Amino acid sequence: MTMQTRVSSAAFGCAALAAILTQGCVPNVGAQAPQPAIEARVKPVLRIDGFRFRDLDANGRLDPYEDWRLDDQARARDLASRMTVAEKVGTLMHATLPGLEGELGAAAAYDMKALGALVNDKHITSFITRLSLPPAGLAAQNNAVQELGEGSRLGIPVTVSTDPRNHFQFVLGASAEAKGNTQWAELLGFGALGDAELVRRFGRIAAREYRALGIHMALSPQLDLATEPRWARGSGTFGSNAALTSRLGAAYVAGFQGGDDGLARDGVMTVVKHWVGYGAEPEGFDAHNWYGRLARPGKFLPLHIEAFRGALAAKTAGVMPAYPIMADTTLDGQPLEPVGPGFSEQLLGGLLRGTFGYNGIVLSDWAITRDCNERCRAPTAAAPQRPQDISTAWGVEDLTVRQRYVKGLAAGLDQFGGTDDVGPLLAAVVGGEVSEARLDVSVIRVLLPKFRLGLFENPYVDPARAQAAAGTPEDFALAARTQREAQVLLKDKGVLPLKPGARVWLSGMDAAAARAAGLTVVGDPAQADVAIVRAQTPSELLHPYHFFGRLYHEGRLDFRPGDEAYEALLQAEAHVPTVLAIFLDRPAVLTSVEPLTDVILGNFGASDAAVLDVLTGKATAKGRLPFELPRSMAAVEAQDPAAPDDSKNPLYPRGAGIVR
């Protein structure tokens, strides 16, 4: 493959730059401008006309970008004009905050020496955090990051992003653990309830938590449609319905960002993902992996696009393109170029920037510029894929890293996720393949939210107050209630509610939780009044040597003899009524176990206590299935991975649920 694209101001930069710089450029200087809180730990503070300003370049003068009385656009434009080409190139990287030991930045603390080199030598000012610490500890760590940013030549504050960290499912590289924060059902649970106001409230609460921790960007929500039942990432979606996803996506963005009209000062940027068609992965194989690099949205691509409409109307600050090549798919009558969406001018410059008029940050998903080596393509037991072997450069494997940067910018990207490799892009600029004017377009897009969020005045947080700010008692209560109400009661043959003191035999559930719920735990189902079996949708380990293949749930969805839950139900059913409480991270095929159950209660992320509260009648399940549950694996294999809820004769259709 050869690549002739050059990214110039004539082709892209000047028009887009003009569009950015003409939006709201009127300065708001005035005697009545309120003084914002100012905190400086490294650079001086200027006092002018009774006001205080951070002297971020330490030149003893108030430069326009330091003057909070000016319009954000004017400040961003001024700062961009002061930056070197190397500083601009660094701004276009969205790297990982390095951890002391651990994988992919997951550790107990940041490696500040390594981070200092990224900030001061490579000029990177956007990072994802993968620390999962109690609030005070994480806040202190993020303050140390900001001190490095303040100490850099121009004192540019660091944008800290995160994968979702308020739910149950944890997959390194796709989500974070909730430690000290409110814990809610997965987005599927919100899809089961369909309550946009609840989604908005969740977004406001989570945004307040994020800001208290020193986090400014949510790499969420995931607006992909869960159309392929075997897909490993379905739990991060709102389900299979495009209209519902659009409506709830808009509420999520408005909640996190602080309003219906874009990013507010106390908000958190959302980066909606994955644009577009990611849910249509054949066999459910995920595009983090070589073997899952193709999706096939086909004629259903417009439906997958429609799911993003609400979030785009709510002016999400960011959009993240998907990983997989959209194979055998057309857009406006033209075949899509067989490259990942981060390299697709049709999907970014044409559809997103053009048709939808989107002018925010387009941040690539992780590792799209990296080379896919043998361990990436075909790992083995002797040579498994390691973090350093991760690449998602699908469709552009034959390009150099330098050419991938050029092609991504030509397509419409602003930042490259998961990389700190500035050299190839800097060489492309020096070589005339990317103009400085084109860099400016993306640099200003990246800088603007930093100004809007007030980070140039005070990027620091108070660790002593982080725990209280990271969730009030009312917030925790609402999250706990949502875990309970988002469950779906699919079947009850008159067993519920369980009576106080009822004797229960358990499988997959903590006995202490059952006792706390007022139940009596016994060790033999023959001595019980009821059996409770907790389980999750079945899966298989099909690709144990791929890094993400061993983390994601793949393969079959049906229960079979030998499965722990199947055997537990079979053992108990001979003696007592049985309850199956199942985590539906993927749409389970329940046909083989349905005759063994008297109660089927689905959840999308719930504690044992939340499940037991529904079973004992202390709480009510109000959810309805956000996707169908197929009747057989044969039906799953025959359905179109891009079409929502199209398996033949499903056991439970989308929307099923007993609500009392």
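Quick summary incoming for the structure in this document.

Analysis parameters
Residue positions are given per chain, counting from 1 as you read along its sequence in written order. It should be noted that, the model being predicted, local features are given only for residues of pLDDT at least 70 and side-chain atom pairs only at 80 or more, the latter also being counted only at that level, while totals for whole chains, interfaces and linings use all residues. Hydrogens are left out, water is left out, and the side-chain values use all remaining heavy atoms of the structure. Helix and strand assignments follow DSSP, with helices taken as H or I runs no shorter than four residues and strands as E runs no shorter than two, numbered in order from the N terminus. The cut-offs for exposure are 20% and 50% of the maximum accessible area for each residue type, with area from a 1.4 Å probe on protein chains only; residues under the lower value are buried, those over the upper are exposed, and the others partly exposed. Whether two residues touch is decided by their heavy atoms; if any such pair falls within 4.5 Å, the residues are in contact. For the area figures, the Shrake-Rupley method with a 1.4 Å probe applies, and any residue is considered shielded solely by the protein chains shown. Just so you know, the count uses Lys and Arg for positive and Asp and Glu for negative, and it drops His and the chain ends. A single reference atom marks each charge: NZ on Lys, CZ on Arg, CG on Asp, CD on Glu. To pair, rings of Phe, Tyr and Trp, with the six-membered ring standing in for Trp, must have centres within 6.5 Å; the planes then decide the type, stacked if under 30 degrees apart, edge-to-face if over 60, and tilted in the middle. Over a ring means this: the NZ of a Lys or the CZ of an Arg is within 6 Å of the ring centre and within 35 degrees of the ring normal. For this document, the term salt bridge refers to a Lys or Arg side-chain nitrogen within 4 Å of an Asp or Glu carboxyl oxygen. To estimate the expected span of a helix, count its residues, drop one, and scale the result by 1.5 Å. Polar contacts, as used here, are pairs of N or O atoms within 3.5 Å; protein pairs need one atom able to donate a hydrogen and one able to accept it. Residues neighboring in sequence count only if both atoms are side-chain atoms. At least two DSSP bridges between two strands are needed for those strands to be called paired. With axes taken as lines fitted to C-alpha atoms, and helix axes fitted only over the stretch in contact, angles between N-to-C directions fall between 0 and 180 degrees. Put simply, a nonpolar core is a bunch of buried Ala, Val, Leu, Ile, Met, Phe, Trp, Tyr and Cys residues held in one set by side-chain atoms that sit within 4.5 Å of each other.

### Comments concerning the overall build of the protein chain
A count of helices and strands for the protein chain gives 21 helices and 20 strands. For the protein chain, the spread of C-alpha atoms along the principal axes amounts to about 80 × 55 × 45 Å. Buried positions account for 61% of the 660 residues belonging to the protein chain. Sequence-distant contacts, at least 24 apart, represent 73% of the contacts inside the protein chain between residues at least 6 apart. Carbon together with sulfur atoms contributes 52% to the accessible area of the protein chain, which is approximately 22900 Å² in total. If you average the places of the 65 positive and of the 74 negative side-chain charges in the protein chain, the two averages end up 3 Å apart.

### Observations concerning the packing of aromatic side chains
Counted by the stated rule, this structure contains 22 aromatic pairs. Relative to tryptophan 68, the ring of phenylalanine 53 lies with its centre 5.3 Å away and its plane at 20 degrees, an arrangement referred to as stacked. Residue phenylalanine 53 is found in strand S2 (residues 51-54), and its partner tryptophan 68 is found in the loop between S2 and helix H2 (72-82); the two are separated by 15 residues along the sequence. For the residue pair phenylalanine 53 and tryptophan 68, the accessibility class agrees, reading buried in each case. Each residue in the set Trp184, Phe190, Phe202, Tyr210, Tyr252 and Phe256 is aromatic and connected to the rest through ring pairs, giving one cluster. Geometry around tyrosine 460 places arginine 41 over its ring, the cationic atom sitting 4.1 Å from the centre. A cation over a ring is seen here: arginine 293 above tryptophan 290, with NZ or CZ 3.8 Å from the ring centre.

### Some remarks on the pattern of salt bridges
Considering all chains together, one arrives at 37 salt bridges under this definition. With a closest N to O distance of 3.2 Å, arginine 54 and glutamate 150 form a salt bridge. Of this pair, arginine 54 sits in strand S2 while glutamate 150 sits in helix H5 (residues 135-150); the two residues are 96 residues apart in sequence, bridging distant segments of the chain. Taking the relative accessible area as the measure of exposure, glutamate 150 reaches 1% and is therefore buried. The partner of aspartate 420 in a salt bridge is lysine 122, with the nearest N and O atoms 3.4 Å apart. One end of the pair, aspartate 420, is in the loop between strand S14 (415-417) and helix H14 (423-430); the other, lysine 122, is in the loop between helix H4 (112-120) and strand S4 (126-128), with 298 residues separating them in the sequence. For lysine 122, a relative accessible area of 28% puts it in the partly exposed group. Among the ionic contacts, a cluster of salt bridges with common partners joins Glu39, Arg41 and Glu147.

### Brief notes about helix H7 (residues 196-213)
The end-to-end C-alpha separation of H7 is 26 Å, in line with the 26 Å expected for 18 residues at 1.5 Å each. All of the buried residues along H7 are Leu198, Val199, Phe202, Gly203, Ile205, Ala206, Ala207, Glu209, Tyr210, Ala212 and Leu213. Near the N-terminus of H7, the side chain that reaches the backbone nitrogen of glutamate 197, with its oxygen 3.1 Å away, is that of aspartate 195. Two residues or fewer after H7 comes glycine 214, characterised by a positive phi angle close to 85 degrees.

### Points about the pairing of strand S5 (residues 159-162)
The two faces of S5 match: Thr159 and Ser161 on one face and Val160 and Thr162 on the other face are all buried. Two elements, S4 and S5, share 3 bridges in a ladder whose sense is parallel. Counterpart to serine 126 in the pairing with S5 is threonine 159. With 2 bridges joining them, S5 and strand S6 (residues 217-218) adopt parallel strand pairing. Counted as the bridge partner of serine 161 is methionine 217 from S6.

### Observations regarding the sheet that holds strand S3 (residues 93-96)
Taken in spatial order, the 8 strands of this closed barrel run S3-S4-S5-S6-S7-S9-S13-S14, and their pairing is parallel. As paired elements, strand S7 (residues 269-275) and strand S9 (residues 318-321) share 4 bridges and run parallel to each other. Bridge pairing in S9 places tryptophan 275 opposite proline 321. Contacts between helix H8 (residues 242-257) and the sheet are confined to S6 and S7, with S7 contributing the most and set at about 150 degrees to the helix.

### Details of the side chain of lysine 491
Within the secondary structure, lysine 491 is located in strand S15 (residues 488-492). A distance of 2.8 Å separates a polar atom in the side chain of lysine 491 from the backbone oxygen of glutamate 594.

### So, the sheet that holds strand S18 (residues 530-536)
Sheets are built from strands paired through backbone hydrogen bonds, the pairs being either parallel or antiparallel. One open sheet accounts for 6 strands, arranged S15-S20-S19-S18-S16-S17; its pairing is mixed. The sheet is open, and its two borders are formed by S15 and strand S17 (520-521), each paired with just one other strand. Direction of pairing for strand S16 (residues 503-507) relative to S18: parallel, over a ladder of 4 bridges. Each residue of the ladder has a partner; that of valine 504, found in S18, is valine 530.

### Re the nonpolar core
Ranked by size, the top nonpolar core spans 120 residues in total, and within it Leu79, Phe127, Phe256 and Trp275 carry the most contacts. No other element matches H7, which puts 8 residues into this core. Setting aside its immediate chain neighbours within four residues, leucine 79 contacts Tyr65, Leu154, Ile156, Leu447, Phe451 and Phe456. One finds Leu490, Ala531, Leu629 and Leu651 within the second-largest nonpolar core, a separate group that totals 33 residues.

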